[in-house]
Amino acid sequence: MRRMRSRAMRATVLVALVMASLGLVAAPAGAAEAGAVFTMSNASGGNEVVVFARAADGTLSHVADYATGGAGSGGGLGSQGAVRLSGDGKWLLAVNAGSDEVSVFRVNGTALELTDTVGSGGDSPISVDIAGRFVYVLNAGSPNIAGFRLNLNGELTPIRGAVRSLSTPESAPAQVEFSPDGRSLVVTEKNTNRIVAYRVAPSGVASHARVSDSAGLTPFGFEFDPAGRLIVSEAFGGEPDASAVSSYALGTDRRAVLIDGPVATTETAACWIVVTDNGQYAYTTNTGSDSITGYALGSDGSLSILNEDGVTAVTGDAPTDMALSDGSGFLYALDSGSDTVSVYQIEGNGALTLIQTVVGLPAAAVGLASA
C-alpha cells in the first residue's frame, strides 16, 4: 500500500514538472480571481467586450470576448465612459457607436451574459452611465442625452420625455455621468468649453440643461469625488504642455462653480481622469505625452500636483481610458497607440509603480471598467 502511494506521489510530481515546462501550472488557491477588468474592441465588423481576470496582486489575464450584438466605430471615440459597470457590479453597459445602440450584460465575475441591445436614442453613442435603474446615453452625432429604465431582466426601456439636447449642435461632447446621489447628470463639451448639467427627477426624466463655462479649454473626462465635487481634465485643444485639471462644486442650481484650477499638468492633451475611492488622489492620462499626472485632492477640493514635472507615471503610446480596482489599490490605463494596458500599483503617497503591461488588445479598443 505504501509502495502504491509512493508511485502515485512520483507520478503527481512528474505531471507537475511536465505542466511547468509547458507553462500550464494551475494557479494556487491564494491566486484566485479578485475581480475583473473590461474594455471593448469597438470593431466596426462587430463590437465585443474584452474581459480580463484581475488577480489579487492586480495583474490581468485575458479570459474571453463577448459580442455586444452591435457594431463599433472602428476608431477612437474621443470620450470617457464607453464601458460602464453599475454600482453594485451586476450590470455592464457598452456603447455601439457604429450601429447607434447600447448593450447590457449581466455580470457574474468574469462571465458575461448579453441581456439586451437597443437603439441609443440618437446617433453615435460614445458614453453611458447608470444610477440605480436609470441609464443615460450620450449621443455625439445627435447630439443629445437619452434616458432608459433598466428592468430586473437586464432590458432597457426608453423613458418617455427623457431625451435632451446639449447646448449646441456643434458641442463635441466627451462624457455623461450621474452625480453620486443620482439626482444630477453632467456632460462635458469640448468645442464649447462648457459643463452642462441636468436635474434628474424621481421618474428618471432629465430637466433642461444648465450651462456653465469651463475654467480651462477643452473640458474632457471627469469624475465626481466622494464629496460630490467634479474633477475635470482640460486638454486645451492638444496644445503642447498646456493641459490642466480643475475642480468644481455642483450647486443646487446645477451650475458648476470653480473651486481650484486650472492646475497645469505640464503635459499634453489631458483627457481621461479617475479619482480614488477615498478621494485623496486624482489621475489624468496625457494622450500627447504618453504619461499620467497625479494630483492630491484637499478636503476642500483643492488640487496639488504630485510631481513637479507632471509625470507620475510613463505609459505606453497615447494613453486614453483609465479604471481603478475596487479599493483603488491598482490603476489600469488603456494605451491606444500601442494596443496595451499598463497596470500600476498605487502607493500610499499616490505614486504609481508599473507592475504589468498587457499586450495584444484590439487596435480600436476603447473604454475601461474595473470590478
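Residues numbered from 1 in each chain as written. Predicted model: local features only at pLDDT ≥ 70, side-chain atom pairs only at ≥ 80, totals over all residues. Heavy atoms only, no water.

A. Region of interest: the side chain of Ser103. Inspection of the secondary structure puts Ser103 in strand 6 (residues 101–108). A distance of 2.7 Å separates the side chain of Ser103 from the backbone oxygen of Thr68, its partner in a polar contact. In contact with Ser103, not counting residues within four places along its chain, are Thr68, Leu92, Leu93, Ala94, Asn96, Leu114, Asp116 and Thr117. (Helix = DSSP H or I, 4+ residues; strand = E, 2+ residues; numbered from the N terminus. Polar contact = N/O pair within 3.5 Å; in protein donor to acceptor, adjacent residues only side chain to side chain. Contact = heavy atoms within 4.5 Å.)

B. Local environment of the sheet that holds strand 17 (residues 230–234). Spatial ordering of the open sheet is given by 16-17-18-19, a layout of four strands whose pairing is antiparallel. In this open sheet, the two strands that pair with only one neighbour each are strand 16 (219–224) and strand 19 (256–264). Strand-to-strand twist of the sheet, defined as the mean angle between neighbouring strand axes without regard to direction, takes the value 20 degrees. Relative to strand 18 (residues 244–250), strand 17 runs antiparallel, the two sharing five bridges. (Pairing = 2+ DSSP bridges. Axes fitted to C-alpha atoms, helices over the stretch in contact; angles between N-to-C directions.)

C. Representation of the confidence of the model for the protein within the structure. Of all residues in the protein, 91% attain a pLDDT of 70 or more, and the chain-wide mean is 92. Long-range and interchain partners of residues 1–31, a stretch whose pLDDT sits below 50, account for five contacts in this model, where long-range means more than four residues apart. (pLDDT = per-residue confidence, 0-100.)

D. Geometry of the nonpolar core. If you look at the biggest cluster of nonpolar residues, it comprises 48 residues, and the most contacted ones within it are Phe38, Leu92, Val135, Ile145 and Leu185. Once residues lying within four places of it in the same chain are set aside, the contact partners of Leu92 are Phe38, Val49, Val83, Arg84, Leu85, Ser103, Val104, Phe105, Val107, Leu112 and Ala369. Within the second largest apolar cluster, 14 residues are counted, among which are Val37, Ala323, Phe330 and Leu334. (Core = buried A, V, L, I, M, F, W, Y, C linked by side-chain atoms within 4.5 Å. Buried < 20%, exposed > 50% of the residue type's maximum accessible area, 1.4 Å probe, protein only.)

E. View of the environment of Val135. Secondary-structure assignment places Val135 in strand 9 (residues 134–139). On a C-alpha basis, the gap between Val135 and Leu150 in space is 6.9 Å, while along the polypeptide they are 15 residues apart. With near-sequence residues (within four places) excluded, Val135 lies in contact with Leu93, Val128, Asp129, Ile130, Ala146, Gly147, Phe148, Leu150 and Leu156.

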